[in-house]
Amino acid sequence: MEWQFFLSVLVFAIVMTGTPGPNNVMLTASGANFGYKRSIPHFLGISLGLISMIFMLAAGLSATFKAYPEIQEAMKWMGSAYILYLALKIAKTSPVSLNGEKEHKPMSFLEAAIFQYMNPKAWMMMVTAIGSFSLAGESYWLSVAYIALIFFITQLHTSSLWVGFGSLLGRWLSNPSAWRRFNFGMGALTASCVAFMW
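These notes cover the structure that comes with them. Predicted model, so just to flag it, every value in this text is computed and none were measured.

## Some thoughts on the environment of Leu156
Okay, so step 1: Relative to the helices and strands, Leu156 resides in helix α6 (residues 140–172).
Okay, so step 2: Residues Leu156 and Ile40 lie 116 residues apart in sequence; the distance between their C-alpha atoms is 9.6 Å.
Okay, so step 3: Apart from the residues lying within four places of it in its own chain, the contact partners of Leu156 are Phe43, Leu44 and Ser47.

What follows is the structure in structure tokens.
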């Protein structure tokens, strides 16, 4: 494999994991509401979900989608519904209390991993990555492993930036009214991701 392979996968991974989407909007909200440290399981769960999707697609799940497009369509509807549910949950998150504690919990490692299977952007990223960058023949599984590794490293860094950005925002939100507006805005942005994906 030549350096062009690694560079092209890296650029694709940075663009896909670094741009706004359901994961990054929710990570920003989590960073603001719960802080960086408590949001770490959330973005580690995203990594697990994405990497597991890469290997499942490489093993033949994409062929199933081609043979039965209604399965992918059903998953798209379920994913959109779940994103809207999460958007409502974010919008209704209580503001920081006077003693600095939060009433709600951040998304757990397992919840974040499972969410990737409901996230249409995640499916689009992984299907495109495997379809565009995996190599034929004996190099197939090695190229898939490199794609997974590049996405893993890239996603950890881009997610960390989004959580850090949210944590900084959280320091500036000094009163309950500002928190309510912020959480409502993050919920609205999460919901808007559905429109862009359709």
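Next comes the rest of the account.
## Structural notes on the packing of aromatic side chains
Okay, so step 1: Scanning all chains against the criterion turns up 8 aromatic pairs.
Okay, so step 2: Judged by centre distance (5.2 Å) and plane angle (85 degrees), the rings of Phe5 and Phe6 are edge-to-face.
Okay, so step 3: Judged by its relative accessible area of 9%, Phe5 is buried.
Okay, so step 4: Judged by relative accessible area, Phe6 falls into the partly exposed class, the value being 28%.
Okay, so step 5: With 6.0 Å between their ring centres and 70 degrees between their planes, Phe12 and Phe151 make a pair best called edge-to-face. With a gap of 139 residues between them, Phe12 in helix α1 (residues 3–18) and Phe151 in helix α6 connect regions that are remote in the sequence. The two residues Phe12 and Phe151 agree in class, both being buried.
Okay, so step 6: Aromatic ring contacts, followed pair by pair, group Phe5, Phe6 and Tyr146 into a single cluster.

## Points about helix α5 (residues 120–133)
Okay, so step 1: For α5, which comprises 14 residues, the first-to-last C-alpha distance of 20 Å matches the rise-based estimate of 20 Å (1.5 Å per residue) to within 8%.
Okay, so step 2: Inspection of α5 places Pro120, Lys121, Ala122, Trp123, Met125, Met126, Ala129, Ile130 and Phe133 among the buried residues, and these make up the whole buried set.
Okay, so step 3: The backbone nitrogen of Lys121 lies 3.0 Å from a side-chain oxygen of the residue at the head of α5, namely Asn119.

## With respect to the nonpolar core
Okay, so step 1: Formed by 44 residues in total, the largest nonpolar core has its most connected members in Leu50, Ile54, Met125, Met126, Phe133, Ile147 and Phe151.
Okay, so step 2: Secondary structure elements with two or more residues in this core: α1, α2 (22–67), α3 (69–91), α4 (109–115), α5, α6 and α7 (176–197).
Okay, so step 3: With 14 residues, α2 is the largest single contributor of residues to this core.
Okay, so step 4: Those residues within four positions of Phe151 in sequence are excluded, and the remaining contacts are Phe12, Ala13, Thr17, Ile51, Ile54, Met125, Met126 and Ala129.

How each quantity is defined
- Residues numbered from 1 in each chain as written.
- Predicted model: local features only at pLDDT ≥ 70, side-chain atom pairs only at ≥ 80, totals over all residues.
- Heavy atoms only, no water.
- Helix = DSSP H or I, 4+ residues; strand = E, 2+ residues; numbered from the N terminus.
- Contact = heavy atoms within 4.5 Å.
- Phe/Tyr/Trp six-rings, centres within 6.5 Å; stacked < 30°, edge-to-face > 60°.
- Buried < 20%, exposed > 50% of the residue type's maximum accessible area, 1.4 Å probe, protein only.
- Expected span 1.5 Å × (residues − 1).
- Polar contact = N/O pair within 3.5 Å; in protein donor to acceptor, adjacent residues only side chain to side chain.
- Core = buried A, V, L, I, M, F, W, Y, C linked by side-chain atoms within 4.5 Å.

As far as function goes, none of this settles anything; it's purely spatial.
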